[in-house]
Amino acid sequence: MSTEDLIELFHHRWAAPALGVLGERGGARFVELQRRLDVGRESLVRALGALIASGLVRRNEGYGHPLRPEYVVTAKGRRAAPTATGVVAVGDADTLLRKWSVPVLAELRRARRFSELSAALAGITPRALALALQDLEAAGYLRREVQATRPPSTVYRPTARGRRVQRVL
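It should be emphasised that the depicted structure is a prediction, and the values quoted were computed from it without experimental measurement. (Residues numbered from 1 in each chain as written. Predicted model: local features only at pLDDT ≥ 70, side-chain atom pairs only at ≥ 80, totals over all residues. Heavy atoms only, no water.)

### A look at the pattern of salt bridges
Just so we agree on the cut-off: Within this document, salt bridges are pairs made up of a side-chain nitrogen of Lys or Arg and a carboxyl oxygen of Asp or Glu, the two lying within 4 Å of each other. Comment: elements are numbered from the N terminus, with helices defined as DSSP H or I runs of at least four residues and strands as E runs of at least two. Exposure categories follow from relative accessible area, calculated using a 1.4 Å probe and restricted to protein chains: below 20% of the type maximum is buried, above 50% is exposed, and the middle band is partly exposed.
This model, assessed by the stated rule, comprises 10 salt bridges. For Asp-135, the salt bridge is made with Arg-98, and the minimal N-O distance between the two is 3.0 Å. Here Asp-135 is found in helix H9 (residues 126-138), whereas its partner Arg-98 is found in the loop between helix H6 (93-96) and helix H7 (101-107), with 37 residues between them in sequence. On the basis of relative accessible area, Asp-135 is assigned to the partly exposed category, the value being 28%. For Arg-98, a relative accessible area of 34% gives the class partly exposed. Across the salt bridge formed by Arg-157 and Glu-145, the nearest N and O atoms sit 2.8 Å from each other. Highlighted residues: Arg-157 in strand S5 (residues 153-158) and Glu-145 in strand S4 (residues 142-147), separated in sequence by 12 residues. You can call Glu-145 partly exposed: its relative accessible area is 23%. Within this structure, Arg-13, Asp-94, Arg-98 and Asp-135 form a network of salt bridges that share partners.

In structure tokens:
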């Protein structure tokens, strides 16, 4: 998946887990998703709306029968579902399901400076990037190295744990 696709998928906290469940089953009813993910109604409505808008999920036109799913995965969604499931399964979901965590890790294929990451991630604010980097460092997904140059510069590299997430991507 491209970085833009990852930004879109992880924009809402519950979008990736919902896509993972829908990908496993091919579709599901709203109540099933809500119970399986243990998420509030409004959060799930926003996540499903984002998935529909991005073309990963669609409402089932044949819905109405109790055994038919209310939401089904599109072809694009079937390609993205393994990534969503893998990211949720491989690490700390609380950290990885934050808006910018996975896109930042995706951009850290090599050591990068703050300004390089900021330029690579469309729409991220400096504050959001700084918070994402702090969270990922605290969770052990990346390492911050201050280089002894004049002036000093900071480089971010993925740790072994971060590389496991990158392999899923």
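### Focus on the packing of helix H2 (residues 15-25) against helix H3 (residues 30-37)
For any two helices packed against each other, one specifies the crossing angle of their axes together with the interaxial distance. The cut-off we apply is this: To obtain each axis, a line is fitted to C-alpha atoms, and for helices this fit is confined to the stretch in contact; angles are then taken between N-to-C directions over 0 to 180 degrees. Throughout this description, any angle smaller than 35 degrees is read as roughly parallel, any larger than 145 degrees as roughly antiparallel, any in the 65 to 115 degree range as roughly perpendicular, and the remainder as oblique. Left-handed is the label given to a crossing in which the near helix is rotated counterclockwise from the far helix by less than a right angle, and right-handed is the label when the rotation is clockwise. Throughout, a residue-residue contact means that at least one pair of heavy atoms, one from each residue, lies within 4.5 Å. Following the grouping adopted for this structure description, the nonpolar residues are Ala, Val, Leu, Ile, Met, Phe, Trp, Tyr, Cys and Pro, the charged ones are Asp, Glu, Lys and Arg, and the polar ones are all others, Gly among them.
Put simply, H2 and H3 touch, their axes get as near as 10 Å, and they point 120 degrees apart. Put simply, H2 runs oblique to H3. The handedness of the crossing between H2 and H3 comes out as right-handed. Within the contact between the two elements, H2 uses Pro-17, Ala-18, Val-21, Leu-22, Glu-24 and Arg-25 and H3 uses Glu-32, Leu-33, Arg-36 and Leu-37. Residues belonging to the contact of H2 with H3 are distributed by class as follows: six nonpolar, no polar and four charged.

### Here's the deal with the layout of surface pockets
Stated precisely, the cut-off is as follows: Points on a 1 Å grid over protein atoms alone make up a cavity when a 1.4 Å probe fits among them but cannot get out, and a pocket when they form an open set with protein on both sides within 12 Å along at least five of seven lines; lining residues each have an atom within 4 Å of a point. Grid points are joined across faces, edges and corners, and a volume is the space filled by probe spheres set on the points.
Each pocket or cavity is described by its volume, and for the largest pocket that value is around 160 Å³. Those elements that place two or more of their residues in the lining of the largest pocket are helix H1 (3-9), helix H4 (41-53) and helix H5 (75-90). Among the residues forming the lining of the largest pocket, the class breakdown is seven nonpolar, one polar and four charged.

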